[in-house]
There are 2 protein chains.
Amino acid sequence: MDKCDSAVILKQNGLKVTQQRLLLLDAIINTDKIFSALSLQDKVNDNMDLVTIYRILTVFLENKIIRDVISKDTTRFYELSCIHNPVHPHFVCRKCNNIICLNSLKNGYMSKFKEITGDNIVENVIIQFTGICSKCK
Amino acid sequence: MDKCDSAVILKQNGLKVTQQRLLLLDAIINTDKIFSALSLQDKVNDNMDLVTIYRILTVFLENKIIRDVISKDTTRFYELSCIHNPVHPHFVCRKCNNIICLNSLKNGYMSKFKEITGDNIVENVIIQFTGICSKCK
DNA sequence: AATAATATTGCAAATTATTTGCATTTATGA
DNA sequence: TCATAAATGCAAATAATTTGCAATATTATT
Ligand SMILES: [Mn+2]
Ligand SMILES: [Mn+2]
Ligand SMILES: [Zn+2]
Ligand SMILES: [Zn+2]
């Protein structure tokens, strides 16, 4: 499966191509897990300032390069939003604290949600299951 | 529509019936909105310590008297969990920041989720739509 | 009703994630 | 190359939540 190119994504969104944005976006593209500001800092060995990471994440969110996944214990988690990673539900195990990406809902389901969202304009859906994961039970 | 009795709920859960728990649970029962620790403090005019509120909310969560609804901007929001208020999705408007309770999903839907949750044991589902609410559009 | 044992509360201080201000550095296009 | 505006790093501020500990309230027992 081919991956997105970080420089291309930045340019497509009219963003300045800085070293820090490239490093961060590369790290994001090359992980299949969700991430927080802190977990990203660990991943990019460069000692990039946490403040810079927060600011870049804000820019990436505004440009929908990443999306909000979950807030767990007052920490925000995100994931890459691209053609290779469509919106999908997550499962949070309350024992091991792991967050598992689940398969996407079939299109029929998503459209069925319209019955309950009414006149509100839906831009994103977060579906989060909590419980005990198959490994922990 | 009749409401739950706070003292009864506390006793049913084997919890000590303290003034603070009664006050807080009454406030929770008598609101139809979701709440945070801070918004609850405003509601109970008694100048109850915020720390006490946090500790009581933890106890209420453990006993499933309340449930987690959403984390928005690093603030946790909860709502009453009782026969009068079954699990349901929420809509967060990114313009006015209002959080709207939506109608519950039909039982058929919930059971259909099993296809994607697999062997994990689901205890709770949080469904959160974001976008522009009907008033703001 | 008074007492004792134990859990809960309040206050001060700590922690954690995130944000802000400002001076310095970097990217970009003229 | 140079000018300009935007991005970054560092220090400090916020904001939500948690922890430690002494004082207090609840509940079961006398
Ligand atoms: Mn995922
Ligand atoms: Mn609700
Ligand atoms: Zn687990
Ligand atoms: Zn709105």
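Owing to the predicted nature of the structure, the values given are computational and were not obtained by experimental measurement. (Residues numbered from 1 in each chain as written. Chains lettered and ligands numbered in written order. Predicted model: local features only at pLDDT ≥ 70, side-chain atom pairs only at ≥ 80, totals over all residues. Heavy atoms only, no water.)

A.B. asks: I'm lost on the interface of chain B and chain A in this one. Help?
C.D. replies: Interfaces are often described in size by the accessible area the parts lose on coming together. Taken together, the contact between chain B and chain A spans 32 residues of the former and 33 residues of the latter. Buried surface at the junction of chain B and chain A, summed over both partners, amounts to about 3,100 Å²; 59% is from carbon and sulfur atoms. It is Tyr109, Ile116 and Phe129 of chain B that lose the most area in chain B upon contact with chain A, and together they represent 20% of the buried surface on that side. At the junction of chain B and chain A, the tally comes to two salt bridges. Of the charged contacts, one joins Arg94 of chain A and Glu123 of chain B as a salt bridge, the two residues approaching to 2.8 Å between their closest N and O atoms. Our count for the contact surface shared by chain B and chain A stands at 14 residue pairs in polar contact (both at pLDDT 80 or more). For the side of chain B that touches chain A, the secondary-structure elements that each account for two or more residues are helix H5 (107-112), helix H6 (114-117) and strand S5 (121-132) of chain B. Broken down by element, the side of chain B that touches chain A gets its largest block of residues, twelve residues, from S5 of chain B. (Contact = heavy atoms within 4.5 Å. Buried area = accessible area lost by both parts, 1.4 Å probe. Salt bridge = Lys/Arg side-chain N within 4 Å of Asp/Glu carboxyl O. Polar contact = N/O pair within 3.5 Å; in protein donor to acceptor, adjacent residues only side chain to side chain. Helix = DSSP H or I, 4+ residues; strand = E, 2+ residues; numbered from the N terminus.)

A.B. asks: Can you walk me through the protein's contact with DNA strand C in this structure?
C.D. replies: Of all residues adjacent to DNA strand C, which total 21 residues, the nearest are Tyr54 of chain A together with Thr18, Arg21, Thr52 and Arg55 of chain B. Backbone sugar and phosphate groups make up 69% of those atoms of DNA strand C lying within 4 Å of the protein. Within the backbone of Thr74 of chain A, one N or O atom sits 3.2 Å away from a sugar or linking oxygen of DNA strand C. Within the side chain of Thr52 of chain B, one N or O atom sits 2.5 Å away from a phosphate oxygen of DNA strand C. Among the elements of the structure, helix H4 (50-62) and strand S2 (75-80) of chain A together with helix H2 (19-29) and helix H4 (50-62) of chain B are those that each provide at least two residues to the surface near DNA strand C. If you tally residues by element for the surface near DNA strand C, the top one is H4 of chain B, at four residues. (Near = heavy atom within 4 Å.)

A.B. asks: Before we go on, may I ask you to explain the state of the cysteines in this structure?
C.D. replies: Here a disulfide denotes a covalent bond joining the sulfur atom of one cysteine to the sulfur atom of another. Residue and element names in this part refer to chain B. Under the definition given, this model contains zero disulfides over all chains. The thiol of Cys4 is not disulfide-bonded; the next cysteine sulfur, from Cys82, is found 3.8 Å away. By relative accessible area, Cys4 is classed as partly exposed at 23%. (Disulfide = S-S within 2.5 Å. Buried < 20%, exposed > 50% of the residue type's maximum accessible area, 1.4 Å probe, protein only.)

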